[in-house]
Every structure is written in C-alpha cells, then in structure tokens.
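The chain contents come next:
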Amino acid sequence: MAYKRTEISERDIQRQLDICKRIKERNDGLYSSPLAMVDTYGCQQNEADSEKIRGYLREMGYSFTQNEEEADVIVINTCAVREHAEMRILGNVGALNHTKKKNPNQIIALCGCMVQQEHMAEKIKRSFRLVDLVFGTHELWRFPELLEQVMSDRKKRVFAIRDMEGVIAEGLPHARDSGIKAWLSVMYGCNNFCTYCVVPYVRGRERSRLPEDILAEAKALVEGGCKDITLLGQNVNSYGRDLGMGMDFADLLRQINDIPGEFLIRFMTSHPKDATEKLFRTMAECEKCARHIHLPVQSGSAGILKAMNRVYTPEQYMALVDLARELMPDLVITTDIIVGFPGETQEDFEDTLRLVERVRFDAAFTFIYSKRSGTPAAKMPDPVTREEKQERFDRLLALQNAISGEKHAAYVGKVMKVLVDDVSEDERCDFRGRTNGGRLVHIKGEDAALGEFADVKITGSSTWALFGELV
Ligand code: SAH
Ligand code: SF4
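Definitions and limits used
Residues numbered from 1 in each chain as written. Chains lettered and ligands numbered in written order. Predicted model: local features only at pLDDT ≥ 70, side-chain atom pairs only at ≥ 80, totals over all residues. Heavy atoms only, no water. Helix = DSSP H or I, 4+ residues; strand = E, 2+ residues; numbered from the N terminus. Expected span 1.5 Å × (residues − 1). Buried < 20%, exposed > 50% of the residue type's maximum accessible area, 1.4 Å probe, protein only. Arc of directions from axis to C-beta. Contact = heavy atoms within 4.5 Å. Pairing = 2+ DSSP bridges. Core = buried A, V, L, I, M, F, W, Y, C linked by side-chain atoms within 4.5 Å. Domains from an automatic or database assignment. Buried area = accessible area lost by both parts, 1.4 Å probe. Near = heavy atom within 4 Å. Polar contact = N/O pair within 3.5 Å; in protein donor to acceptor, adjacent residues only side chain to side chain. Areas by Shrake-Rupley, 256 points an atom, 1.4 Å probe, with all protein chains shown as cover. Nonpolar A, V, L, I, M, F, W, Y, C, P; charged D, E, K, R; others polar. 1 Å grid on protein atoms, 1.4 Å probe; cavity = no way out; pocket = protein on both sides within 12 Å on 5 of 7 lines; lining within 4 Å. Points joined across faces, edges and corners; volume = space filled by probe spheres on them. Axes fitted to C-alpha atoms, helices over the stretch in contact; angles between N-to-C directions.

Caption draft 1: Highlighting helix α13 (residues 314-327). For α13, with 14 residues, the first-to-last C-alpha span of 20 Å sits near the 20 Å given by 1.5 Å per residue. Of all the positions in α13, only Pro-314, Tyr-317, Met-318, Leu-320, Val-321 and Ala-324 are classed as buried. For α13, the buried positions fall inside an angular range of 155° around the axis, keeping them on one side. What points out from α13, more than 90 degrees from its buried face, is the exposed set Glu-315 and Glu-326. As for α13, its buried residues are in contact with α11 (277-285), α12 (302-307), β15 (332-339) and α14 (346-359).

Laid out in structure tokens, this is it:
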C-alpha cells in the first residue's frame, strides 16, 4: 500500500484502560458522583466516535449529564464540514466561560474534525483559554492518557494534534446511546478529495477495519438485542480496497446478512462513482438489507460535477438510480445536494432542479456551499452573491419538499413493517419508528413495544414523516 496504516496494539489500548482505572480511583476520593457531558456536532461518524469517548468516561466512573453547569468534564466533538457548524461550536465554547467561572475545576476538552485543522487549533490556543485539552481525530484512542495529563497539572493545557494518514484502533469501550439501533464504523478516512470538502484533510486516508472485527461487533450487537445496524464510512463502496483480501463491500454485506437473528442492515455513505450492479444485486438478495440507499449526487450539472471532482456525469448517476430501482422497485433513495458551488451558473442550477424532478428523491439534504480553507474550491472564482445562492437554495428546497410530501402521501392506506425505536414527540401518537426504507413513522397504539417490529397502517403523512396506527 502506498500509505501507512497504523494499527494500535492491544497492549496500547490496555494501557489506556489502566489509566481509566487510575482516574476512577482518583475521582472516588474527590467526588461522590463525577459527571461528564459529551456534546456531538456533525455526522454519524462523530456520533460513533462520541460513543467511544463516553465508553472511556464510563470506565473512569463518570455518569452523564446534559447540563454543562454540573459537568466535571465536558467534551465537545466538533465538525468542520461547513462554516456554520464551526461558528456555532465556537459560540457554544465561549458560552462555557460562565460555567467554568462557577466551577474552576471543570475540564473542557475539544476534539474531532474542526480542531484537526491547524488554524483552528491555533485559534483555540490563542483565544479560548478556558479550553484545557484539544485532541485531533487520530488521538481519540488515547483520550484517557491525555485527560490524565490535564488532571495531573491543572495549569497545563494539552494540545495533541498530529497530521497523519490515520490509525485503526480496535477494542475501545463503547457506550452506545440505544440498544435498539447502532452505528458500526467499517472504515475511516477518505481518498476522494471532492474539491469542496475538508474531510480527507481532517480524517486521513481511507482505511478499512478487518472483516472479522466488524463481524464480531455486529454479532455481539445482534446478540445484545440490536435490531438496526448502520454501517458507517465516508465511502463504504470502497470498503476493502486497502486490505488486499479480495473482499468488497457487497461481500461484507452478505456476511453480515448471514448472522442469525431478525435485524436490519443499513449503510452510509455510498459514493456514486463506486456504486456497482453487484452492490445493488447483493442488497436485493439479502433479506436483512434495508431498502434504502443514501446516494449523494451533489449537483445535476456535468460541469459542476467535474469541478467538484465527483468523477460521474448526471447521466451516469441517473442510469445508476434506474438500475437500482429496476432491481429493487421499493428502494428509498435519499441524497445530498450543494447549491452555489463556485462558478455555478443559473443554467447549472436549473440542471440540478431537472435532475431532482427526474429522480424524485424520497428526501434530500440540501446545503449552500461553504468555503473551506485549504480545499481546491476555496481558490475558485465565486462571483454569485449570497442572496442569489439563498434564492436558489429556497427554490430547490421547495421543489424537494413537494416531492417528499407526494412520496409520503403515497404510503397512506398501506400497512408497513416498522421498527419501534422510541416514544413519539407528537402528542397525538405514542411511539415512533422507522420503515425498512428508513421513513419516520409516528405510531398510535399503546401496545407497541420498543425494540420490536410492528405492523402499522399508515393513515396520514407530511413532508417529513408518516402517521399510522398499530394493527
Ligand atoms: N462522504 C460523504 C459526505 C460527507 S459530508 C459523501 O461523499 O457523500 C456530508 C455532506 O456535506 C456532503 O455530501 C455534501 O453535500 C456536504 N458538504 C461537504 N462539504 C461541503 C461544503 N464545503 N459546503 C457545503 N456542503 C458541503
Ligand atoms: Fe468529502 Fe467527497 Fe470524501 Fe465525501 S467522498 S467525505 S464529500 S471528499
């Protein structure tokens, strides 16, 4: 392989767990019940990382709180994908000044993609003195060691950020949010360098976990009662390429599908350039694979896709969707779209609208382009005004909302199998759940059981959700 894959040894992880024990003993002498708060921004990968941070904190004896005033340790897991997220994070970190004044022993840590960028780490060093610990995306596995350094000398601030191609660390403790649904990372990093995107710079190169580690984790989840596993990677379709084992993502899906038990397999994200007929055929043949694919198109203009370095044309994308729907007529397709990429003309934008009308996505996450320093797009001329971009964004959103609403309305009258995963926040309903295709359903029916599949008759719909009754 052209790049260096750094595997963290079992012994190194054991050393971190020993440090957790040491911190626990120390806390036992200081607090009756130490509290920690972990705040997560950004994508599902970050959610999964935060579960590992919570896993370590739990080993240290911490319980969890959502209240920053009472937390002894606050960890903020940051996102760098858009400027808006960074502004919000910095604002919220600044607001912690008052909690820290009240409780000077409070430890504040920042980690994740935002702080992996050198200019951001510098900014925090200079302007956010209240932050005690900053660690980058490649240091998460040694969070206990870094926290202990902070605890041993409260005058010291610890900054641990390394620019490297990336580590693989197995065996970290995991405090998962829900027993019903789980995130499962199958690979880390990204090699695609889409010209707008900061992820490859902050997450390192693509590296796949070994299939046996993934299978063991999936098996343990299913045995523990988990009913819905989402496999995570920036581009899961390139899973295995770096392992040289002749195994690809479709093969992995099939092996997970063979684990006994009733559960659903989901995955994200799929880059269209690597989505294959084999993948779709495998999905169609595996009864546990959810009928949903998140396939970000980003733009409907050939020129913009080229400038984005997405390596497919709108026609290729639409052909892919047609093929997937031919093999799975009930497939739910969702996407991501960026409006206002540098140089996007009115015509380019109209091409995006046309593609959206043609494909009729079930849902789309739409974003206004955000300039990320260090990326190639940041140097491209960008003459379109913010107001113009906002107008385009609003038009796209209105179109997609209408389509989403129509798609949802088509479910009314049908009986759907739904995994009940939480209580409903809609006061007319009791529970909420997801269809096999991932659509949110608010359910009337006190007899539904959390963590079970239930048949639900769909009686109503909106742009965002379905409403139904237990049958
Ligand atoms: N690996 C995933 C996406 C990760 S980022 C993929 O390739 O699909 C999630 C989404 O954020 C992207 O799909 C894109 O639509 C959006 N995004 C990424 N960088 C952005 C930027 N600089 N400005 C606006 N949106 C961006
Ligand atoms: Fe970013 Fe493109 Fe990689 Fe997705 S595939 S993380 S958009 S560079």
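Caption draft 2: Focus on the pairing of strand β18 (residues 431-435). Of all five residues making up β18, four are buried, and the element is well covered by its neighbours. Taken together, the five bridges between strand β17 (residues 415-423) and β18 define a ladder with antiparallel strand orientation. Bridge pairing in β18 links Leu-419 to Arg-434. Hairpin connection from β18 to strand β19 (residues 440-444): four residues lie between these consecutive antiparallel strands, with Gly-438 at a positive phi of about 90°.

Caption draft 3: Geometry of the nonpolar core. Leu-231 and Ile-256 are the most contacted members of the largest nonpolar core, which has 68 residues in total. Residues from two domains meet in this core; each of domain 2 (178-290) and domain 3 (301-409) gives at least three. Formed by 31 residues, the second largest nonpolar core is a distinct cluster that contains Tyr-56, Tyr-62, Leu-147 and Ala-169.

Caption draft 4: Region of interest: the domain arrangement of the protein. You can read the domains of the protein as domain 1 (6-167), domain 2 (178-290), domain 3 (301-409) and domain 4 (415-470). Taken over C-alpha atoms, the centre of domain 1 sits 35 Å from the centre of domain 3. Between domain 1 and domain 3, the residue contacts involve six residues of the former and five residues of the latter. With both chains or domains summed, domain 1 and domain 3 bury close to 440 Å², and 41% of this area falls on carbon and sulfur atoms.

Caption draft 5: Spotlight on the site of ligand 1. The environment of ligand 1 is made up of 15 residues, and the closest members are Gln-234, Pro-296, Gln-298, Asp-336 and Ser-370. In the model, an oxygen atom of ligand 1 is placed 2.6 Å from a nitrogen or oxygen of the Asp-336 side chain. Across the complex, the protein chains shield 90% of the 540 Å² of accessible surface that ligand 1 would expose by itself. Looking at the shell around ligand 1, the elements with two or more residues in it are β15 and β16 (363-368). For the shell around ligand 1, the class distribution of residues is seven nonpolar, four polar and four charged. Looking at the shell around ligand 1, you find at least three residues from each of domain 2 (178-290) and domain 3 (301-409).

Caption draft 6: A look at unusual backbone geometry. At the junction of Met-268 and Thr-269, the peptide bond is cis and its omega measures out at 5° in the coordinates. Along the chain, Thr-269 falls in the loop between β13 (264-268) and α11. The phi dihedral of Gln-298 is positive, around 70°, even though this residue is not glycine. Within the secondary structure, Gln-298 sits in the loop between β14 (292-294) and α12. Assessed through its relative accessible area of 7%, Gln-298 is described here as buried.

Caption draft 7: Structural context of the layout of surface pockets. Here the second largest pocket defines a volume of roughly 440 Å³. Those elements giving two or more residues to the lining of the second largest pocket turn out to be β17 and β18. By residue number, the principal contributor to the lining of the second largest pocket is β17, which donates four residues. Residue classes in the lining of the second largest pocket are distributed as eleven nonpolar, three polar and nine charged.

Caption draft 8: Expanded view of the sheet that holds β19. Here we have five strands rolled up into a closed barrel, ordered β17-β18-β19-β21-β20, and mixed in their pairing. The average undirected angle you get between the axes of adjacent strands in this sheet is 50°. Inspection of the sheet shows strand β20 (residues 453-461) paired to strand β21 (residues 466-470) by five bridges, in the antiparallel sense. Bridge pairing links Val-456 to Leu-470 in β21.

Caption draft 9: Region of the structure containing the environment of Ile-107. Considering the arrangement of structural elements, one finds Ile-107 in strand β5 (residues 107-112). Sequence separation of Ile-107 and Asn-436 is 329 residues, and the distance between their C-alpha atoms is 42 Å. The residues contacting Ile-107, other than those within four sequence positions of it, are Asp-72, Val-73, Ile-74, Asp-132, Leu-147, Val-150, Met-151 and Arg-154.

Caption draft 10: Broad picture of empty space enclosed by the protein. Going through the model one piece at a time under the given rule, you end up with two cavities of 30 Å³ or more. One number sums up the size of the largest cavity: a volume of about 210 Å³. Considering the residues around the largest cavity, the lining is formed by 13 residues, among which Asp-49, Thr-137, Leu-140, Val-167 and Tyr-188 are closest to the centre. Among the secondary structure elements, those contributing two or more residues to the lining of the largest cavity are α2 (44-59) and β8 (167-169). Broken down by class, the residue content of the lining of the largest cavity amounts to six nonpolar, two polar and five charged. Each of two domains, domain 1 (6-167) and domain 2 (178-290), supplies a minimum of three residues to the lining of the largest cavity. In terms of lining, the second largest cavity is formed by Asn-46, Asp-49, Asn-77, Cys-111, Gly-112, Phe-135, Gly-136, Thr-137, Leu-140 and Arg-203. Those elements that provide at least two residues to the lining of the second largest cavity are α2 and β5.

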